[in-house]
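Chain by chain, the residues:
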Amino acid sequence: MSNEPLFDRRALLDNLGEDVELMQVMAQTFVDDTPRLISELRDALARGDAPDAVRASHSVKGSAANFGAAPLIGVVGAMEQACRAGNLATASGSLTEAERLITALVVELRQELHAP
Amino acid sequence: MNVVIVDDTPTNLQLMRALVQRLEGCQAILFADSGSGLTWCLEHDPDLIIVDYMMPNLNGIEFIRHVRREPRHEDLPILMVTADHEKSVRYAALEEGAADFLNKPLDRMEFLARVKNMLALRRSRQALSCRAATLAEEVKRAVAEIHDRERETIVRLARAAECRDPETGAHILRMAHYAQLIAARMGLPQDFQETMLHAAPMHDVGKLGTPDHILLKPGRHTAAEFEIMKQHTGIGYEILRESSSHALQLAASIALHHHEKFDGSGYPHGLAGEAIPTEGRIAAVADVFDALTSERPYKKAWSLEDASTYLRENRGAHFDPVCVDAFLDMWSTVLDIRRRFSDG
């Protein structure tokens, strides 16, 4: 895998007007909720429920976008497109990669929570 | 102020909450589910709604459409959260009544600026509608005062006429109530019925201009005297006409027409049928019935039965049949009015 950063801390703080406290609120929310979102996406794909899969991937993408998490946006964005096209098999193929990226991002964001 | 935020993406929801709560006097009310958000908005009075577009169940556009259907929320500012490229979504949202957009991913400066603008808009709209309501209330009060004064003027004018008239004040009140009753039974508009009640008492105001030796003459009038007597209709009309008051305009017409007869044999103009204004035809029935059933220096009071028979016999001759029927239909109310305003 590349060395591309998991999220764009600079852009995030820019968007938040250098407000570290706000960044921590968002990091905490991501850590708390994104695993649930990705499991909803996994369930929807397993059920073959395309509309639900579109919404769940869109929602993960939205969360990722808040952090400028380019690698994750790339993967789940493509999954969303595939689901919209009814191509659930293609989307399912990227599921493991999406989960890996989310786990890694959660680890990184946890560190932000302990930042001064 | 209450800011409702509806977004199914938790990070967005929490970020927006944190931002809204930094604004003075604002609290955020969060909904991850658009359906429960809508229910809350329809039952409460939010000051601003921020709604995401893509949500399960009800999307942002459908959400706005439902909110706008509530008449109270016609002016409520709504911001929609969308990505830049979703142009068709933005157009649809504008069509449904979104006031502005927030770009995804959310930017603190943009978010706070737009939210502040929307809340300022909300405050000025509220101040404006509050002021409009106060003004409307004041105008209503002022108009009511004018109406009261107008009525008082009418009552005093009628009282002046009574001073010269052998007919009693009770006759005038009965006649006015009969006139109102007939108008009501005929299904005429509510405000016309009311105005009849206030205008009818002046039907004989023109007798102010009738010389005493004729007006107060105990015996029968000569033909020449009767011609002068008849002039009270035109004199009353001249006194009351060209007023800007509806009640006085109606009173002028009643004064002029209350001696016209349905078959054209009345005075002053010998008008017939519908050419006699409605108020004149109504006043004729009310006035004659009460004159017949009242005692006068030159005659005894007729019995109620004789008087109603007279109305029936002259139905279509002296009187408009519709007015006679309306009056006789309400017989028990007629008796009530007689009891309420007896000569005592």
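Residues numbered from 1 in each chain as written. Chains lettered and ligands numbered in written order. Predicted model: local features only at pLDDT ≥ 70, side-chain atom pairs only at ≥ 80, totals over all residues. Heavy atoms only, no water.

- An unreviewed UniProt entry annotates chain B as Response regulator of Aromatoleum diolicum.

- An unreviewed UniProt entry lists chain A under the name HPt domain-containing protein, from Aromatoleum diolicum.

Examining the overall build of chain A
Inference 1: Along the backbone of chain A there are 6 helices and 0 strands.
Inference 2: For chain A, the α and β elements follow one another from N to C terminus as α-α-α-α-α-α.
Inference 3: Counting every position in chain A, which comprises 116 residues, the buried fraction comes to 47%.
Inference 4: Within chain A, contacts between residues separated by at least 24 positions form 64% of all contacts whose residues are at least 6 apart in sequence. (Helix = DSSP H or I, 4+ residues; strand = E, 2+ residues; numbered from the N terminus. Buried < 20%, exposed > 50% of the residue type's maximum accessible area, 1.4 Å probe, protein only. Contact = heavy atoms within 4.5 Å.)

Some remarks on the interface of chain B and chain A
By convention, interface size is frequently given as the accessible area that disappears when the constituent parts associate.
Inference 1: Taken together, the contacts link 21 residues of chain B with 23 residues of chain A.
Inference 2: When chain B packs against chain A, the two sides together hide about 1800 Å² of surface, and 59% of this comes from carbon and sulfur.
Inference 3: For the pair chain B and chain A, the interface holds 2 salt bridges.
Inference 4: One salt bridge in this structure joins R22 of chain B and D19 of chain A, with 2.0 Å as the shortest N-O distance.
Inference 5: Summed over the shared surface of chain B and chain A, the result is 7 residue pairs in polar contact (both at pLDDT 80 or more).
Inference 6: Among the elements of the structure, α1 (10-20) and α5 (108-163) of chain B are those that each provide at least two residues to the side of chain B that touches chain A. (Buried area = accessible area lost by both parts, 1.4 Å probe. Salt bridge = Lys/Arg side-chain N within 4 Å of Asp/Glu carboxyl O. Polar contact = N/O pair within 3.5 Å; in protein donor to acceptor, adjacent residues only side chain to side chain.)

Some remarks on the packing of helix α10 (residues 232-240) of chain B against helix α11 (residues 246-257) of chain B
Helices that pack against each other are described as a pair by the angle of their axes relative to one another and the distance between those axes.
Residues and elements named next belong to chain B.
Inference 1: Contact pair α10 / α11: the axes reach a minimum separation of 7 Å and the direction vectors enclose 170 degrees. With respect to each other, α10 and α11 are oriented roughly antiparallel. Mapping the contact onto sequence places T233, G234, G236, Y237 and L240 in α10 and L248, A251, A252, A255 and L256 in α11.
Inference 2: Of the residues contributing to the contact of α10 with α11, the split by class is 7 nonpolar, 3 polar and no charged. (Axes fitted to C-alpha atoms, helices over the stretch in contact; angles between N-to-C directions. Parallel < 35°, antiparallel > 145°, perpendicular 65-115°, else oblique. Nonpolar A, V, L, I, M, F, W, Y, C, P; charged D, E, K, R; others polar.)

Looking at the pairing of strand β3 (residues 48-52) of chain B
Residues and elements named next belong to chain B.
Inference 1: The buried fraction of β3 is high, at 5 of 5 residues.
Inference 2: Where burial is concerned, the two faces of β3 agree: the one with L48, I50 and D52 and the one with I49 and V51 are both buried.
Inference 3: Examined bridge by bridge, strand β1 (residues 2-6) and β3 share 4 bridges and lie parallel to one another. Across the sheet, residue V3 finds its bridge partner in β3, namely L48.
Inference 4: Of the pairings in the sheet, the one linking β3 to strand β4 (residues 78-83) comprises 4 bridges and is parallel in character. When the sheet's bridge partners are listed, D52 is paired in β4 with V81.
Inference 5: Taken together, β3, helix α3 (residues 60-69) and β4 form a β-α-β motif whose crossover is right-handed. (Pairing = 2+ DSSP bridges. Right-handed = clockwise from strand over helix to strand, strands pointing away.)

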